[in-house]
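# Structural features, examined
This is what each chain is made of:
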Amino acid sequence: MILEELNKAQKEAVTLGASHALVLAGAGSGKTKVLASRLSWLLDTNQTAISSILAVTFTNKAAREMISRVLKMVNIDIRGLWIGTFHGLCHRMLRIHSNEINLSKNFQIIDISDQISLIKQIIKGNNINDLKYQPKDFQRFINSQKENGVRFIDVDINRNHNRYLLDFYKLYEDYCFTHDLVDFSELLLRCYELLKNNDDIRRHYNDKFAHILIDEFQDTNKLQYKWINLIAGKQTSVFAVGDDDQSIYAFRGADIDNMSSFEKTYAKGSVIRLEQNYRSFGNILGAANSLIKYNKGRLGKTLWTEQGKGDPIRVVESSSDIAEAYWLVEEIRGLIRKGVSASDIAVLYRSNMQSRVIEHALFSSNIPYTVYGGLRFFERQEVKHALAYLRLILNPNDDNAWLRVVNFPPRGIGIRTIENHLEIAKSNNLSLMDSAKHVSGRGGVNISLFASLIDDLIINSNKLTLPELIEYTIDRSGLSLYYKSDKDLYDRLENLKELITAATVFSIEEKYDSTPACSFSVNAQVEEEIITTPLIAFLSNASLEASENISVNNNSSVQLMTVHASKGLEFRIVFITGAEEGLFPHENSISEDSGLEEERRLMYVAITRAEERLYISMANSRMLRGQVRYPSRSRFLNEIDANHIQWSKSGGVYDNYPSRSFKDGPNISYNKSSKNTLINIDCNVSSNKGLIVNDKLFLVGQSVNHGRFGEGVIVRLIGSGNSTQAQVNFQKHGMKTLALSVAKLDIKE
DNA sequence: GGTCATTGTTATGGT
DNA sequence: AACAATGACC
């Protein structure tokens, strides 16, 4: 355990006594280090037993990171440590105490897409046909109520006049209760109610946990805050770490007020600020600081660094989204040529759809890349199908799972048959499984056959190991045959095999029965034991860790992700793309101040991911929903202090649709017949090829030094032979056009 | 009554 | 561009 490695503020936080504390930890200030050190210090100094610590992280990945850091600092058996996300921890408690809470032991967790399909099913089943509301609207309403701890009966009718959404909430709640389905916010709400209504259980946890450590506190919602209030006993100290400037999950109920509220009611006087940044160079921090100053009501902190200023931030304007992507390719190529590892480069974007164009450019240029959070393994349709069969094994009455796979692969059960069946089930108040034998006609026979298929799976589930059962299910259901039948579907079959592998790994790791929760507590009144089966554990894990990227991570690939997904990560070189009004800030957010401030925090998060070099790029035209738009530059670019920025324009000759030509750029002619190819333009611009003059190779985008004008970046290379010129954007002297044969231009680095 | 092909629609972020 | 809804054909 090495305290010497910590700075003064960090050390103070790590070695705080047993009191509540709020650590305001700026980006790159060693937040994770402080949390892991705090945990290790508590253990190392024998102040606390491992089973008396509760650590809450934002993602499962962060939990693993924390564990590995702790293990490096103290040599200790970490079984018995309660660590995980709010959802994971609540889930564990619900499994432990399923007897106390009117919930079947086989209860299933549904993720957002399951939730949407369930909502659609309820809409159909109840003949709700008001077009004013879409499934997403219901989903949003329900989740936001739950995230505030509000059940249907708790809704204040007088305050909430939207009877329509409210009635639906009731229908949804009833359905979930009777079918043992638990959505994400329900995990928290149920656990909250468990603690609230059971004095014994609450007291048990109050006494058990001496220390609660919470990471990313700025992204907790109201219900999570209330949950912490309940689980923390009189002797418990709550150590919360967060950064109000990095709160970017308001859409999911995160309440930034939790921080100031916590400061006032818990951490009176014990607020520690971590402001020294170890991640980024001065220009990057300066940009971040100057931007975030535009937000109001901040708790306040200013990052500083002992490192130098570093490179200015390169802001690059391209003619189109496609031009942006190809500029990106060239820039990344240049970096890799200089010896930068591809995995040190991150490309960030505001919304997932932006990745398409970028991926296309990278792919056709043979630059390896990994997309994070794009295609999640457990959200692939073939995996979802297989999971639906597995869910029916546990709970044959799961109508939603039933409907998903009753005719997949196709087995002669059409819409009319299903409508019939739904009608029969409804009028007899039975599940689809229980009424399967009562459907008439040819379709009815097929329904009965499907029901016996499920029966067969259930019987075999008692005989087979988890991986065997999954393999059996995939074969017996016909999924395997279906995906084998077509070459185009081969990938999907591979994913199903991957699912079996995942189950094998899962079984070996025995996550389900070696979790710390299995240890018995000293307090005999409440036994912390999870009674569960591998299948239940596997399905829960699939829902809760849906974001896990099962595909092999290529270590030498460029990292592509949304800004949200980049939170907590850092990269030597970061590209922020699409810095345009309507996209970043997103148009759905600009009508309200709070929305705009969150977008600004999002940009702040994006900027502070960069260690050495930051690019921010924008396009003057962008294809959106099949139409070309001409956005203006993001207001955030104007808010960043100009002295940290170096502006330039990309070559911009890749195009496949018209774009406004930029002010002093070439006139671009485009060719509609060719897609994404370099278009010959009648203009003396050689954009990416580079020019060799006096044995020096000049490239667009290159940093250069000039005896009189100082530092700048080459924006254009003009001409060939003896009359070659470079248009250079100088940091201090602006745009100059220089003859390369005469001007004393030195290439930096 | 079931399946396949076409048309129409619509789009932040994700434990 | 991805997905749901609709219509033509088996």
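By the naming in an unreviewed UniProt entry, chain A goes by DNA 3'-5' helicase and is assigned to Candidatus Kinetoplastidibacterium blastocrithidiae TCC012E. Per UniProt, chain A has the following entry under Sequence similarities (unreviewed entry): "Belongs to the helicase family. UvrD subfamily."

## Focus on the layout of surface pockets
A volume near 1,500 Å³ is recorded for the second largest pocket. Lining the second largest pocket we find 41 residues, and of these Q121, I122, D399, L403 and L422 sit closest to its centre. Among the secondary structure elements, those contributing two or more residues to the lining of the second largest pocket are α5 (112-125), α7 (163-179), α15 (381-394), α16 (399-405), α17 (415-427) and α23 (534-544). In terms of residues, the lining of the second largest pocket owes the most to one element, α5, which gives nine residues. Within the lining of the second largest pocket, the residues separate by chemical class into 17 nonpolar, twelve polar and twelve charged. Taken domain by domain, the lining of the second largest pocket gets at least three of its residues from each of domain 2 (108-179) and domain 4 (377-546).

## Structural notes on unusual backbone geometry
A cis geometry characterises the amide bond from F408 onward to P409, with omega recorded as -5 degrees. Within the fold, P409 resides in the loop between α16 and α17. Note that the residue after F584, namely P585, is joined by a cis bond; omega there is 10 degrees. Relative to the assigned elements, P585 resides in the loop between β13 (571-576) and α25 (593-607). Even without a glycine there, the phi angle at D180 is positive, about 55 degrees. Mapped onto the elements, D180 comes out in the loop between α7 and β5 (181-183).

## Describing the sheet that holds strand β10 (residues 345-349)
One open sheet accounts for seven strands, arranged β11-β12-β10-β13-β14-β9-β17; its pairing is parallel. Whereas interior strands pair on both sides, the edge strands pair on one side only; in this sheet they are β11 (369-371) and β17 (645-649). The mean inter-strand angle of the sheet, taken between neighbouring strand axes irrespective of direction, is 20 degrees. Two elements, strand β9 (residues 313-318) and strand β14 (residues 610-619), share five bridges in a ladder whose sense is parallel. The residue bridging V316 from the neighbouring strand is S617, located in β14. Against the sheet, helix α12 (residues 282-292) contacts β9 and β14, and its axis sits at roughly 55 degrees relative to β14. Across the face of the sheet, helix α13 (residues 321-337) comes into contact with β9, β10, β12 (558-562), β13 and β14 while running at roughly 155 degrees to β14.

## A word on the protein's contact with DNA strand B
Close contacts around DNA strand B come from 27 residues, with H87, R350, N352, R376 and T417 the closest. Measuring from a phosphate oxygen of DNA strand B, one finds a backbone N or O atom of N352 at 2.4 Å. T562 places a polar side-chain atom, nitrogen or oxygen, 2.9 Å from a phosphate oxygen of DNA strand B. Where the surface near DNA strand B is concerned, the elements lending two or more residues are α6 (135-147) and α17.

## Some remarks on the packing of α5 against α7
Packed helix pairs are characterised by how far apart their axes lie and by the angle those axes make with each other. The geometry of α5 relative to α7 is characterised by a closest axis approach of 11 Å and an angle of 110 degrees between their N-to-C directions. The angle between α5 and α7 falls in the class roughly perpendicular. Every pair of crossing elements has a handedness; the one defined by α5 and α7 is right-handed. Of α7, the residues touching α5 (which contributes Q115, L118, I119, Q121, I122 and I123) are F168, L171, Y172, Y175 and C176. Of the residues assigned to the contact of α5 with α7, the class counts are nine nonpolar, two polar and no charged.

## A look at the packing of helix α4 (residues 86-96) against helix α10 (residues 222-231)
Relative orientation of the contacting elements α4 and α10 amounts to 50 degrees, with a least axis distance of 12 Å. By the angle between their directions, the pair α4 and α10 is classed as oblique. Here α4 and α10 pass one another in a crossing that is left-handed. Across from F86, H87, L89, C90 and M93 in α4, the residues of α10 making contact are Q224, W227, I228 and I231. Of the residues in the contact of α4 with α10, the class split is seven nonpolar, two polar and no charged.

## Things to note about the packing of aromatic side chains
Tallied over the entire structure, the rule returns 26 aromatic pairs. Judged by centre distance (5.1 Å) and plane angle (50 degrees), the rings of F58 and Y249 are tilted. Residue F58 is located in the loop between β2 (53-57) and α3 (60-73), and its partner Y249 is located in the loop between β7 (237-242) and α11 (257-265); the two are separated by 191 residues in the primary sequence. Assessed through its relative accessible area of 22%, F58 is described here as partly exposed. For Y249, a relative accessible area of 9% puts it in the buried group. Centre to centre, the rings of W327 and F575 are 5.7 Å apart; their planes meet at 75 degrees, and the pair counts as edge-to-face. Here W327 is found in helix α13, whereas its partner F575 is found in strand β13, with 248 residues between them in sequence. Just as W327 is buried, F575 falls in that class too. Taken together, the ring pairs connect Y133, F138, Y164 and F168 into an aromatic cluster.

What counts, and where the lines are drawn
Residues numbered from 1 in each chain as written. Chains lettered and ligands numbered in written order. Predicted model: local features only at pLDDT ≥ 70, side-chain atom pairs only at ≥ 80, totals over all residues. Heavy atoms only, no water. UniProt positions renumbered as here; feature names shortened; annotations may be inferred. 1 Å grid on protein atoms, 1.4 Å probe; cavity = no way out; pocket = protein on both sides within 12 Å on 5 of 7 lines; lining within 4 Å. Points joined across faces, edges and corners; volume = space filled by probe spheres on them. Helix = DSSP H or I, 4+ residues; strand = E, 2+ residues; numbered from the N terminus. Nonpolar A, V, L, I, M, F, W, Y, C, P; charged D, E, K, R; others polar. Domains from an automatic or database assignment. Pairing = 2+ DSSP bridges. Axes fitted to C-alpha atoms, helices over the stretch in contact; angles between N-to-C directions. Contact = heavy atoms within 4.5 Å. Near = heavy atom within 4 Å. Polar contact = N/O pair within 3.5 Å; in protein donor to acceptor, adjacent residues only side chain to side chain. Parallel < 35°, antiparallel > 145°, perpendicular 65-115°, else oblique. Left-handed = near helix turned anticlockwise from the far one by under 90°. Phe/Tyr/Trp six-rings, centres within 6.5 Å; stacked < 30°, edge-to-face > 60°. Buried < 20%, exposed > 50% of the residue type's maximum accessible area, 1.4 Å probe, protein only.

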